[in-house]
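Letter by letter, the chains look like this.
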Amino acid sequence: MASTMLWASRAASYLRISVFHRGFSTVLKDLKYADSHEWVKVTGNAATIGITDHAQDHLGDVVYVELPEVGAAVKQGDSFGAVESVKATSDVNSPVSGKVVEVNEELSSSPALVNSSPYEDGWIIKVEMNDAAELKNLMDSEKYSKFCEEEDSKH
């Protein structure tokens, strides 16, 4: 695992990606995070959504991802799908409100992408946001890292 983290750090450095290391989980600096462990990457009015490295680490090996239909409405804080692992099934909540414009079809045949690449290949949906002001309700990387540390210390 240490060699994986070293490789990831070197890759992040090479790609000029800022990362915070928190235990074995990675938190990317330029994303926003929900307290239910989803991340959102915003580009203009488009939001790409997935579950965090922390969430996938706690879930274990993901074996199935329930995806919504393209065109479905999602609301901030409400469930739009689920991730099933060998340990548990967990709802996936939307960190923003809007309309689903794309789903990651790769997850149907390769759900483990959520484990191996939670912030890149393992994204779940893309949403056209209704209200960018909702982003104020989410955490930045530092706050999310602290949130995870506090949550883990309670268990």
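In short, a report on the structure. These figures come from a predicted structure and were not determined experimentally.

Glancing now at the environment of Trp 39. Tracing the backbone through its elements, the reader meets Trp 39 in strand 4 (residues 38-43). Along the primary structure Trp 39 and Ser 141 are separated by 102 residues, whereas in three dimensions their C-alpha atoms are 9.8 Å apart. In contact with Trp 39, not counting residues within four places along its chain, are Leu 31, Lys 32, Tyr 33, Thr 48, Ile 49, Gly 50, Ile 51, Thr 52, Pro 95, Pro 118, Tyr 119 and Trp 123. Of the polar contacts made by the side chain of Trp 39, one reaches the backbone oxygen of Pro 118; its length is 3.0 Å.

This next bit is on the sheet that holds strand 4. Spatially, 3-4-5-11-10-7 is the arrangement adopted by the 6 strands of the open sheet, whose pairing is antiparallel. Both edges of this open sheet fall to strand 3 (32-33) and strand 7 (73-74), since each of them pairs with a single strand only. Note: strand 3 against strand 4, 2 bridges, orientation antiparallel. From the neighbouring strand, Lys 32 faces strand 4, where its bridge partner is Val 40.

Cut-offs used in this document
Residues numbered from 1 in each chain as written. Predicted model: local features only at pLDDT ≥ 70, side-chain atom pairs only at ≥ 80, totals over all residues. Heavy atoms only, no water. Helix = DSSP H or I, 4+ residues; strand = E, 2+ residues; numbered from the N terminus. Contact = heavy atoms within 4.5 Å. Polar contact = N/O pair within 3.5 Å; in protein donor to acceptor, adjacent residues only side chain to side chain. Pairing = 2+ DSSP bridges.

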